[in-house]
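Reading the structure
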Amino acid sequence: MTEENSLDERSTRASDAEPWSADEIFGLCSNRDARIALVYLSDRETATIEELATVIAGQSAVEKGGVEGRERHDHARIVLHHAVLPRLADHDILEYDSEEGEVRDVDVPDIVATVLRIDG
Amino acid sequence: MTATTFGEALNTVERERKRLEVYTGRDDVASELEAQFATKNVTVNHRRTDTFDDGFVAIYGADGEFQGALGLDQFDAVLSPTTHPPWSLDSADGEAETLFDFLENTLFTTYDRTQMLAASREIEDRAWRVADGILYAGFQREEALVEQLDVYERLASRGSLSAVVFIDGTWSESADELTVVSDGGELGRFWFVAFDGAGSDHQKCALVAAERQPGRYYGFWTYAPEFVDGLIDSLETTYLD
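Everything numeric here is computed off the predicted structure, so don't read it as measured data. (Residues numbered from 1 in each chain as written. Chains lettered and ligands numbered in written order. Predicted model: local features only at pLDDT ≥ 70, side-chain atom pairs only at ≥ 80, totals over all residues. Heavy atoms only, no water.)

A short note on the interface of chain A and chain B
Between chain A and chain B, the contact holds 22 residues from the first and 26 residues from the second. When chain A packs against chain B, close to 1,800 Å² is buried across both sides, 62% of that on carbon and sulfur atoms. Across the contact surface, chain A and chain B share 0 salt bridges. Counting across the interface, chain A meets chain B through 6 residue pairs in polar contact (both at pLDDT 80 or more). Of all elements in the fold, only α3 (32-41), α4 (49-64), β2 (68-69) and α5 (70-90) of chain A reach the threshold of two or more residues within the side of chain A that touches chain B. Here the element with the most residues in the side of chain A that touches chain B is α4(A); it accounts for 9 residues. (Contact = heavy atoms within 4.5 Å. Buried area = accessible area lost by both parts, 1.4 Å probe. Salt bridge = Lys/Arg side-chain N within 4 Å of Asp/Glu carboxyl O. Polar contact = N/O pair within 3.5 Å; in protein donor to acceptor, adjacent residues only side chain to side chain. Helix = DSSP H or I, 4+ residues; strand = E, 2+ residues; numbered from the N terminus.)

Written as structure tokens, this is what we have:
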């Protein structure tokens, strides 16, 4: 039942939603950690905050050609918990269960995915 | 501080099972790492993702905590180090140290002699830079020491650094600066290098590996000061007192 309600709620929100404005899209993609999280989430429906913090640390390591340690991971986790995930939830891109640290019902809009691809 | 024999040290590290998460869209890369770590105390999980051009790995400790992440290319370099003498490293090579730190206390298996030499160089290089304290190295056989004699004589004459080397059996050659200890016990089975840090905990490090098959090594390296102290204490009490 919960799942059905959740699906109904999402479709209603989606149909009522205003078209994405350029400001909204660029606002979402302006933060590096948010971009990495969105890219990773673009091909899956669920993830954990732990996993997303690891992905952000991992991509930072690839970019700098070295090791990223706990500090980068901890920082990413804080940014995800307090800023990125609540904001993406506000935009109905996902549901964030902050108590369980779980991200569900991920649906990255095509327009955002396109902007992320341009960003490379 | 408790004296720790090489066999005990290896058992301790074996109990600390780590987890490696591999983020890549390439199944063959993930399978290769799974095979490579199958005999070590590392569980490998593949997190399949096609969203990034370059994959990476993340290591989690025995406590389940994230320890570090690095790109697959760099990880490859750590797993297959190349040999370089300690004095040829330039200052920009601090990266090598960071990469070795990443796998601290992680068991490696089937390192061949070249890879063991490269891993040993990391510790020898640290002793060379500090130019003080004592560097301990076990060569198992006399021939192995003869091969590295020039390197170790040079290390032993660097500033205030001393070098004590161990072999199983008798030492028939001569050495100028080096102290050579020939004995039995664990010496024939283990390749080890340990640096006491010249009194600084930040500089202490050790590498211990058992030769399980001829030319194939199984072991670990560590920068944990108490662990290094325990290994050196065991060497001192067993072979030098």
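Structural notes on a negative patch on the surface
Together, B:Glu32, B:Asp53, B:Asp54, B:Asp73 and B:Asp76 line one region of the surface with negative charge. Mapped onto the fold, B:Asp76 is located in helix α3 (residues 72-79). (Patch = residues over 30% accessible without salt bridge, like charges linked within 9 Å, V, L, I, M, F, W, Y side chains within 5 Å. Areas by Shrake-Rupley, 256 points an atom, 1.4 Å probe, with all protein chains shown as cover. Lys, Arg positive; Asp, Glu negative; His and termini not counted. Charge placed at Lys NZ, Arg CZ, Asp CG, Glu CD.)

Considering the pattern of salt bridges
Should the charged atoms of two oppositely charged side chains come close, the side chains can pair. This model, assessed by the stated rule, comprises 18 salt bridges over all chains. Across the pair A:Asp43 and A:Arg44 runs a salt bridge whose closest N-O atoms are separated by 3.4 Å. A salt bridge links B:Asp28 to B:Arg26; its shortest N-O distance comes to 2.8 Å. The class for B:Asp28 is partly exposed, based on a relative accessible area of 44%. Residues participating in the shared-partner salt-bridge network are A:Asp97, A:Glu102 and A:Arg104. (Buried < 20%, exposed > 50% of the residue type's maximum accessible area, 1.4 Å probe, protein only.)

Structural notes on the sheet that holds β2(A)
Strand order in the open sheet formed by 5 strands is β2(A)-β4(B)-β3(B)-β1(B)-β2(B), with mixed pairing between adjacent strands. For this open sheet the edge positions go to β2 of chain A together with β2 (42-48) of chain B, each flanked by a neighbour on one side alone. Summarising the sheet, strand β1 (residues 18-24) of chain B and strand β3 (residues 56-60) of chain B pair through 5 bridges and their orientation is antiparallel. Its bridge partner being in β3(B), B:Glu21 is matched across the sheet by B:Ala58. Packed on one face of the sheet, helix α2 (residues 27-37) of chain B meets β1, β2 and β3 of chain B and runs near 175 degrees to β2(B). (Pairing = 2+ DSSP bridges. Axes fitted to C-alpha atoms, helices over the stretch in contact; angles between N-to-C directions.)

A word on unusual backbone geometry
Of note in the backbone geometry, B:Ala131 takes a positive phi value of approximately 55 degrees without being a glycine. Inspection of the secondary structure puts B:Ala131 in the loop between α5 (113-130) and β6 (134-138).

A short note on the packing of α4(A) against α5(A)
Residues and elements named next belong to chain A. Look at α4 against α5: their axes get within 8 Å of each other, and the N-to-C directions meet at 125 degrees. On the basis of the axis angle, α4 is oblique to α5. The handedness of the crossing between α4 and α5 comes out as right-handed. Counted together, Ile-49, Glu-50, Leu-52, Ala-53, Thr-54, Ile-56, Ala-57 and Ser-60 of α4 and Arg-72, His-73, Ala-76, Arg-77, Leu-80, His-81 and Leu-85 of α5 form the full contact between these two elements. (Parallel < 35°, antiparallel > 145°, perpendicular 65-115°, else oblique. Left-handed = near helix turned anticlockwise from the far one by under 90°.)

Keep in mind these numbers describe shape, not what the thing actually does.
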